[in-house]
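Spelled out from the first residue to the last, the chains are:
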Amino acid sequence: MNSPLSIVIMAAGRGTRMKSERPKVLHPLAGRSLLDHVRNAVAPLAADRVLVIVGHKAERVEASVEDSGARCIVQAPQLGTGHAVQQAVPQLPDAGTTLILNGDVPLIATDTARALVDACGGRALALLTVLLDDPTGYGRVVRGGDSGDAVKAIVEHKDATEAQRAIREGYTGMMAAPTAWLKRAVMAIDNRNAQQEYYLTDLVAMAVRDGVPVVATQAHDETEVLGVNSPMELARLERRFQRREAERLMQAGVRLADPDRLDVRGTLDCGADVSIDVGCVFEGRVTLGDGVTIGAHCVIRNAKIEAGAVIQPFTLMDEAVIGPGAIVGPFSRLRPGAVLGADVHIGNFVEVKNSTLGKGAKANHLAYLGDATVGERVNYGAGSITANYDGANKHRTTIGNDVHIGSNSVLVAPVAIGDGATVGGGSTIAQDVPAGKLAVTRAKQVVVEGWTRPKKKAK
Ligand code: UD1
Ligand code: MG
């Protein structure tokens, strides 16, 4: 019986090989911490308790799991994985199954964790192992002896003999054990080994000795069980994760210019006939409608882009909604609250923040729209801005339908421009403009008679 099910996630280690101030389990992979990945993977198992062992920079790790329902247990000092699980013993019940995971093995799949719990069944020690081309650093799974192919022990890399180092089957850092036995056995682990650490992996030889059956399941997908111990390993795993994401998208019909030059740090949902050029980063929740085209090197965060919109290269957007058929970029910046209607055009070096643009409105060059409500078919000239901030408060600008704002205008908010009005280029508009009228504030041009251009003096 697996019930009650307890889960222990070990996350106290310093992660020396990362050479970083940040605790290893808080380093991000695909925009989420390693620990978050592990927690999310086991969440569907609906365990009776989830215990996270924290130690190095404990407060930071604890803060990251706040509100998750997991309980943190401090391990100080950190004397090894066996010592980590010893700290959890007082919080474990006397029955059921305990699933133990490494906080630095992030891409473990829910099904794999569930299968391991089932293999334990509250009576056997179930281990997840993997065949590796290069098992350097991994605990080696030692099989054989009297019992044929049965697992006898796990020997850590640093303690392994030459012959043992030749073993390619490595321990993944994930096991499920009968809780009552685990509680007794883990307390008996000592630190007589090359690293003078309490190795959790010593449990295997203890189970053999105690007559607890040991079952080892081999993981089929190496990506799922790779650990992160160094920046190199982190980057390698990130690329594997991204490759998997790219393949998932391509299988759904998305055309990627290069699956190796895509980064998804969140969820990306795509309709039919979406194409994405190289070097794009998608963060948070992004939805791309049918036929959307994303140019090279765009960064798109928490955005909804509707059918047929074209996002040209080097566009940056955050919390924006792009209407169907809109054209944005190159070099546009859409900040939170930018809501573009159908067929809107936003061109190069245009910044839009907390503003709504009606169908067919255009701001094609070098402009700023902040806290504005812009009507349909408006033409917002090059170099024009909404002066939305008076030094203390933000104010709104309202622009009606079919308005033409000439180049280099300053609209001093709060101000309203009526339907069909025109603002002459170079105007500073601080008062409302009535519908259908022309407002111009620039000084009259004078032609200065008799003026001559200065000449360079001879040396
Ligand atoms: C561990 C296993 C090794 C396995 C490998 C797979 C042991 C002794 N070795 O080695 O057999 O092949 O994982 O990735 O278990 N931690 C604590 N407290 C500590 C020490 C570590 O909570 O005192 C945590 C770390 O934060 C980390 C995890 O335990 O999340 C694993 O520790 P790490 O030092 O990375 O062990 P490995 O050398 O990778
Ligand atoms: Mg490790």
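Parameters at a glance
Residues numbered from 1 in each chain as written. Chains lettered and ligands numbered in written order. Predicted model: local features only at pLDDT ≥ 70, side-chain atom pairs only at ≥ 80, totals over all residues. Heavy atoms only, no water. 1 Å grid on protein atoms, 1.4 Å probe; cavity = no way out; pocket = protein on both sides within 12 Å on 5 of 7 lines; lining within 4 Å. Points joined across faces, edges and corners; volume = space filled by probe spheres on them. Helix = DSSP H or I, 4+ residues; strand = E, 2+ residues; numbered from the N terminus. Nonpolar A, V, L, I, M, F, W, Y, C, P; charged D, E, K, R; others polar. Donors = N, O, S within 2.8 Å, 3.2 Å for Na, K, Ca; no water. Buried < 20%, exposed > 50% of the residue type's maximum accessible area, 1.4 Å probe, protein only. Patch = residues over 30% accessible without salt bridge, like charges linked within 9 Å, V, L, I, M, F, W, Y side chains within 5 Å. Areas by Shrake-Rupley, 256 points an atom, 1.4 Å probe, with all protein chains shown as cover. Salt bridge = Lys/Arg side-chain N within 4 Å of Asp/Glu carboxyl O. Pairing = 2+ DSSP bridges. Near = heavy atom within 4 Å. Polar contact = N/O pair within 3.5 Å; in protein donor to acceptor, adjacent residues only side chain to side chain. Phe/Tyr/Trp six-rings, centres within 6.5 Å; stacked < 30°, edge-to-face > 60°.

### Section: empty space enclosed by the protein
In step 1: This model, assessed by the stated rule, comprises one cavity of 30 Å³ or more.
In step 2: The volume enclosed by the largest cavity comes to roughly 40 Å³.
In step 3: In terms of lining residues, the largest cavity is bounded by Leu101, Asn102, Val105, Ile108, Thr172, Gly173 and Met174.
In step 4: Going through the elements one at a time, β6 (97-102) and β10 (169-178) are the ones with two or more residues in the lining of the largest cavity.
In step 5: Examining the composition of the lining of the largest cavity, we find that three residues originate from one element, β10, more than from any other.
In step 6: Class assignment for the residues of the lining of the largest cavity results in four nonpolar, three polar and no charged.

### Some remarks on the coordination of the magnesium ion (ligand 2)
In step 1: The magnesium ion (ligand 2) binds to the protein through Asp104 (OD) and Asn229 (OD1); the donor distances cover 2.2 to 2.4 Å. You can see Asp104 sitting in the loop between β6 and α4 (110-120) and its partner Asn229 sitting in the loop between α8 (222-225) and α9 (231-251), a full 125 residues away along the chain.
In step 2: According to the relative accessible area criterion, Asp104 is buried, its value standing at 12%.

### So, a nonpolar patch on the surface
In step 1: On the surface, Phe314, Phe331, Phe349 and Leu366 cluster together to form a nonpolar patch covering roughly 420 Å² of accessible area.
In step 2: Relative to the assigned elements, Phe331 resides in the loop between β22 (327-328) and β23 (333-334).

### Quick look at the pairing of β6
In step 1: Burial of β6 is extensive: five of the six residues sit out of reach of the surface.
In step 2: Across six bridges, strand β1 (residues 5-11) lies against β6 in parallel orientation. Across the sheet, Val8 pairs through a bridge with Ile100, a residue of β6.
In step 3: Where β6 lies against β10, four bridges are found, and the strand directions are antiparallel. Following the sheet pairing, Thr97 is matched in β10 by Pro178.

### Side note on the site of ligand 1
In step 1: Neighbouring ligand 1 are 24 residues; Gln75, Gly80, Thr81, Glu156 and Tyr171 lie closest to it.
In step 2: At 2.8 Å, a backbone N or O of Gly13 approaches an oxygen atom of ligand 1.
In step 3: Within the contact set of ligand 1, a nitrogen atom lies 2.7 Å away from a side-chain nitrogen or oxygen of Gln75.
In step 4: In the complex, 89% of the free accessible area of ligand 1, which totals 750 Å², lies under the protein chains.

### Some thoughts on the packing of aromatic side chains
In step 1: All chains considered together, the criterion is met by two aromatic pairs.
In step 2: Between Phe314 and Phe331 the ring centres are 5.1 Å apart and the planes differ by 5 degrees, which places this aromatic pair in the stacked class. Placement of Phe314 in the loop between β19 (310-311) and β20 (316-318) and of Phe331 in the loop between β22 and β23 is noted, with a sequence separation of 17 residues between them.
In step 3: Classification of Phe331 as partly exposed rests on a relative accessible area of 39%.
In step 4: Each ring, one from Phe331 and one from Phe349, has its centre 5.4 Å from the other, and the planes form 15 degrees; the classification is stacked. Pair noted here: Phe331 is in the loop between β22 and β23 and Phe349 is in strand β25 (residues 345-353), with a separation of 18 residues, a long-range link.
In step 5: Looking at Phe349, the relative accessible area reads 51%, which means it is exposed.
In step 6: An aromatic cluster is built from Phe314, Phe331 and Phe349, whose rings are joined through pairwise contacts.

### Examining the layout of surface pockets
In step 1: Estimates place the volume of the largest pocket at around 1700 Å³.
In step 2: In this structure, the largest pocket is lined by 48 residues; those nearest its centre are Arg17, Lys24, Asp104, Gly137 and Asn229.
In step 3: For the lining of the largest pocket, the secondary-structure elements that each account for two or more residues are β1, α3 (81-88), β10, α8 and α9.
In step 4: The dominant element in the lining of the largest pocket, judged by the number of residues it contributes, is α9, at five residues.
In step 5: Residues that form the lining of the largest pocket fall into these classes: 15 nonpolar, 20 polar and 13 charged.
In step 6: Roughly 420 Å³ of volume is contained in the second largest pocket.
In step 7: Lining the second largest pocket are 18 residues, with Arg32, His37, Leu107, Phe241 and Gly266 positioned closest to its centre.
In step 8: Listed by contribution, the elements that provide at least two residues to the lining of the second largest pocket are α1 (34-42), α9 and β13 (262-270).
In step 9: Residues of the lining of the second largest pocket, tallied by class, amount to seven nonpolar, six polar and five charged.

### Details of the pattern of salt bridges
In step 1: Inspection of every chain in the model, using the stated rule, returns 26 salt bridges.
In step 2: A salt bridge links Glu222 to Arg240; its shortest N-O distance comes to 2.7 Å. Here the residue Glu222 occupies a position in helix α8, and Arg240 occupies one in helix α9, the gap between them amounting to 18 residues.
In step 3: For Arg240, a relative accessible area of 34% translates into the label partly exposed.

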